[in-house]
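What follows is each chain in one-letter form.
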Amino acid sequence: MHILHLIRYKNILLIILVQLLIRFALFEPFHIDVKLDTLHFFLLILTTICIAAAGNIINDIYDIETDTINKPDKMIVGKLISEQAAFNLFLALNIIGVGLGFYLSHSIEKSPFFTIFVLISATLYIYASFLKHRPLIGNIVISVLVAMSILIVGIFDLIPAITEVNQSTQITFFKILVDYAVFAFLINLVRELIKDIEDVNGDYNAKMNTLPIAIGRDRARYVAFFISLMPILAVIYYIVTYLYKQQIAIGYFLIFVLGPLLYSSIKIYNATTKKQYHHISTGYKVIMLLGMLSLLLYPFILK
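None of these values were measured; they are calculated from a predicted model. (Residues numbered from 1 in each chain as written. Predicted model: local features only at pLDDT ≥ 70, side-chain atom pairs only at ≥ 80, totals over all residues. Heavy atoms only, no water.)

Chemist: Please explain the overall build of the protein chain as it appears in this structure.
Modeler: Helix and strand counts for the protein chain come out as 14 helices and zero strands. What you see in the protein chain, going N to C, is helices and strands ordered as α-α-α-α-α-α-α-α-α-α-α-α-α-α. Against the 2.2 N^0.38 benchmark of 19 Å for 303 residues, the protein chain shows a C-alpha radius of gyration of 20 Å, consistent with a compact globule. Per-residue burial for the protein chain yields a buried fraction of 50% across its 303 residues. In the protein chain, once contacts between residues fewer than 6 apart in sequence are set aside, the share between residues at least 24 apart is 75%. Taking the average location of the 23 positive side-chain charges in the protein chain and that of its 19 negative ones, the two points are 7 Å from each other. (Helix = DSSP H or I, 4+ residues; strand = E, 2+ residues; numbered from the N terminus. Rg over C-alpha atoms; globule rule 2.2 N^0.38 Å. Buried < 20%, exposed > 50% of the residue type's maximum accessible area, 1.4 Å probe, protein only. Contact = heavy atoms within 4.5 Å. Lys, Arg positive; Asp, Glu negative; His and termini not counted. Charge placed at Lys NZ, Arg CZ, Asp CG, Glu CD.)

Structure (structure tokens):
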């Protein structure tokens with residue numbers, strides 16, 4: 001169980017769920033041409049979660065000092081698992097993930113795609129060791145990597161299967177993935193800012209320079225509030241532009257996506273305590289899940 005918590009198993013399960021939804025709720029019902037067979041698709045999932053899990057581990061290793069203050073009851077590295085054991089697991093997962101990425105890239109005859117996994121793995125390490133301490137830059141980088149867990153399916157499954165005949169359809173579905181990746185990016189960016197505000201005391205003592213430390217907690221809260229409006233506007237645009245004839249989809253997005261987004265933005269604007277920021281952070285994780293579950297609606301939206 002300690003290892004499951006170390007790799008952030010809930011986040012890992014969300015990645016698995018989203019990639020499965022893309023393949024089996026979005027691609028298959030419309031008989032979209034894909035490059036990966038079922039076995040290789042599951043290898044793509046395994047590759048993604050190995051690298052993501054490794055990133056979570058190295059992040060915890062570098063956060064030992066701040067976690068001692070911010071969440072001493074939830075510490076794993078240095079308390080329940082030794083730092084050396086955690087680092088060994090980090091290396092093992094990276095080797096497996098990058099190795100599988102190398103195999104997958106060659107199996108679809110797109111060898112240069114292998115560099116994507118190398119860059120993601122390297123960026124996760126750089127984020128944990130350096131970028132996380134930089135105001136906003138670290139938040140943006142990790143949010144881009146979250147978005148990549150969605151785009152990677154299109155890169156390996158859709159793009160290599162493009163032909164002159166199916167090009168228009170393939171591009172249309174890749175654009176859908178881009179929309180969801182942008183949504184994931186914005187939601188995660190707000191959540192990262194909220195977590196920085198929540199953890200400001202431990203980060204300050206560890207001499208980190210996150211956004212709330214650089215500009216103050218209140219100003220950082222206003223930045224988070226402003227960014228939280230972006231997914232709201234994006235969802236409204238999406239509903240008005242693409243879903244105006246789909247009552248079921250409109251109802252879902254209004255109740256389960258737009259409503260929680262509005263609630264969370266109001267909470268950000270009025271938040272003052274660590275407990276309130278934690279509540280908001282948890283809320284955005286739920287919003288991410290609800291947003292991704294909307295992929296189940298596409299057989300109705302595009303019928």
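Chemist: Where do I start with the environment of Leu186 in this structure?
Modeler: Its place among the elements puts Leu186 in helix H8 (residues 167-198). Placed eleven residues apart in sequence, Leu186 and Lys175 show a C-alpha to C-alpha distance of 17 Å. Ignoring any residue separated from it by four or fewer positions in sequence, one finds Leu186 in contact with Met230 and Pro231.

Chemist: Please explain the side chain of Ser143 as it appears in this structure.
Modeler: Here Ser143 shows up in helix H7 (residues 137-158). The class for Ser143 is buried, based on a relative accessible area of 0%.

Chemist: Would you explain the nonpolar core in this entry?
Modeler: Among soluble globular proteins, nonpolar side chains are generally buried collectively. Counting residues in hydrophobic clusters, the biggest one holds 100 residues, and the most contacted among them are Phe27, Ile150, Phe156, Tyr180, Phe253 and Leu261. Ranked by the residues each element gives to this core, the list is headed by H8, at 15 residues. Apart from residues no more than four positions distant in its own chain, Phe156 is found in contact with Lys35, Leu36, Leu44, Leu104, Ser105, Ile108, Phe113, Ile116 and Phe117. (Core = buried A, V, L, I, M, F, W, Y, C linked by side-chain atoms within 4.5 Å.)

Chemist: Would you mind showing me how to read a nonpolar patch on the surface here?
Modeler: Nonpolar side chains collect at one region of the surface, where Tyr62, Phe87, Leu91, Ile95, Tyr125, Ile126 and Phe130 lie side by side and expose about 620 Å² of accessible area between them. If you list the elements that add at least two residues to the nonpolar patch, you get helix H5 (83-107) and helix H6 (114-129). When residues of the nonpolar patch are assigned to their parent elements, the largest contribution, three residues, is made by H5. Relative to the helices and strands, Ile126 is located in helix H6. (Patch = residues over 30% accessible without salt bridge, like charges linked within 9 Å, V, L, I, M, F, W, Y side chains within 5 Å. Areas by Shrake-Rupley, 256 points an atom, 1.4 Å probe, with all protein chains shown as cover. Salt bridge = Lys/Arg side-chain N within 4 Å of Asp/Glu carboxyl O.)

Chemist: Would you mind showing me how to read the packing of helix H2 (residues 9-27) against H7 here?
Modeler: Between two packed helices, what matters for the description is the angle formed by their axes and the separation of those axes. Two elements in contact, H2 and H7, have axes whose closest approach is 9 Å; the angle formed by their N-to-C orientations is 45°. In terms of orientation, H2 and H7 fall into the oblique class. Where H2 crosses over H7, the two elements pack in a sense that is right-handed. Residues Ile15, Val18, Gln19, Ile22, Arg23 and Phe27 of H2 form the contact with H7, whose own contacting residues are Ser149, Ile150, Ile152, Val153, Asp157 and Leu158. Grouping the amino acids of the contact of H2 with H7 by side-chain chemistry returns eight nonpolar, two polar and two charged. (Axes fitted to C-alpha atoms, helices over the stretch in contact; angles between N-to-C directions. Parallel < 35°, antiparallel > 145°, perpendicular 65-115°, else oblique. Left-handed = near helix turned anticlockwise from the far one by under 90°. Nonpolar A, V, L, I, M, F, W, Y, C, P; charged D, E, K, R; others polar.)

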